[in-house]
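Residue strings, one per chain:
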Amino acid sequence: MNRTIDYQITEIDSGLRVEQFLRRRGYSAQNLACIKRMPQSVIVNGSHYYMRDKLSAGDCLSIRIQEAECSKKISCTKTRISLWSTSLPGCRYILL
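Remember, it's a predicted structure, so these values are computed and weren't measured experimentally.

> Tell me what's going on with the overall build of the chain, and back it up with residues and numbers.
Each helix and strand in the chain was counted, giving two helices and four strands. The linear arrangement of helices and strands in the chain, starting from the amino end, is β-α-α-β-β-β. The 96 residues of the chain split such that 38% are buried. Long-range pairs, those at least 24 residues apart, make up 63% of the contacts in the chain between residues at least 6 apart in sequence. Accessible surface for the chain amounts to roughly 6,200 Å². Of this, 49% is attributable to carbon and sulfur atoms.

> Which residues make up the environment of Leu-61, and what values go with them?
Inspection of the secondary structure puts Leu-61 in strand 4 (residues 60-66). Looking at Leu-61, the relative accessible area reads 0%, which means it is buried. Along the primary structure Leu-61 and Ile-43 are separated by 18 residues, whereas in three dimensions their C-alpha atoms are 5.8 Å apart. Filtering out sequence-adjacent residues up to four positions away, Leu-61 remains in contact with Ile-5, Asp-6, Tyr-7, Ile-9, Val-18, Phe-21, Leu-22, Val-42, Ile-43, Val-44 and Leu-55.

> Which residues make up the packing of aromatic side chains, and what values do they have?
By the definition in use, this model includes one aromatic pair. Positioned above the aromatic ring of Tyr-50, the side-chain terminus of Arg-52 is 4.8 Å from the ring centre.

> Explain the side chain of Asp-6 to me, using residue names and the numbers behind them.
By the secondary structure assignment, Asp-6 is in strand 1 (residues 2-8). Within the structure, Asp-6 has its side chain in polar contact with the side chain of Ser-62 (distance 2.6 Å).

> Just give me the short version of helix 2 (residues 29-37), but keep the residues and values in it.
If you check which residues of helix 2 are buried, you get Asn-31, Leu-32 and Ile-35. Down the axis of helix 2, the sector holding all buried residues measures 95°, keeping them to one side. The exposed set on the far side of helix 2, more than 90 degrees from its buried face, consists of Ala-29, Gln-30, Lys-36 and Arg-37.

> How would you explain the pattern of salt bridges if you had to name every residue and give the values?
The final tally for this structure, using the stated rule, is one salt bridge. Across the pair Arg-25 and Asp-13 runs a salt bridge, and its minimum N-O distance is 2.8 Å. In this pair, Arg-25 sits in the loop between helix 1 (18-24) and helix 2 while Asp-13 sits in the loop between strand 1 and helix 1, placing the two residues twelve residues apart along the sequence.

> Report on the nonpolar core, specifying residues and quantitative values.
If you look at the biggest cluster of nonpolar residues, it comprises 17 residues, and the most contacted ones within it are Tyr-7, Phe-21, Leu-22, Tyr-27, Leu-61 and Ile-63. Among the elements of the structure, strand 1, helix 1, helix 2, strand 2 (42-44) and strand 4 are those that each provide at least two residues to this core.

> Can you lay out the confidence of the model for the chain for me, pointing to particular residues and giving the numbers?
Detailed conclusions should not be drawn from predicted coordinates in areas where pLDDT is low. Looking at the chain, pLDDT values average 80 and 69% of them are 70 or higher. For residues 84-96, every residue scores under 50 in pLDDT, and the model assigns this stretch 26 contacts once sequence neighbours within four places are set aside.

Rules used in this analysis
Residues numbered from 1 in each chain as written. Predicted model: local features only at pLDDT ≥ 70, side-chain atom pairs only at ≥ 80, totals over all residues. Heavy atoms only, no water. Helix = DSSP H or I, 4+ residues; strand = E, 2+ residues; numbered from the N terminus. Buried < 20%, exposed > 50% of the residue type's maximum accessible area, 1.4 Å probe, protein only. Contact = heavy atoms within 4.5 Å. Areas by Shrake-Rupley, 256 points an atom, 1.4 Å probe, with all protein chains shown as cover. Phe/Tyr/Trp six-rings, centres within 6.5 Å; stacked < 30°, edge-to-face > 60°. Lys NZ or Arg CZ within 6 Å of the ring centre and 35° of its normal. Polar contact = N/O pair within 3.5 Å; in protein donor to acceptor, adjacent residues only side chain to side chain. Arc of directions from axis to C-beta. Salt bridge = Lys/Arg side-chain N within 4 Å of Asp/Glu carboxyl O. Core = buried A, V, L, I, M, F, W, Y, C linked by side-chain atoms within 4.5 Å. pLDDT = per-residue confidence, 0-100.

Here it is as structure tokens:
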């Protein structure tokens, strides 16, 4: 399954590295390791970013994930997300 999760960076999160921001959103070390290995998986304002790059207020962070199954540990609360499911009809998503 391919999905894209979009985050709008606020003043509170400004200055955090991408990795720090995602860890605070519930991404595990294993999630982050998988994302690092996926090409073009971390996009900020349309440009590729690395996990060590810092975020600024107003940035739009897009995380592109390719999964074999649904991850229950990634929290999407209070976040506008866009999801596309092509192969797992049993997964349910709430668009916030």
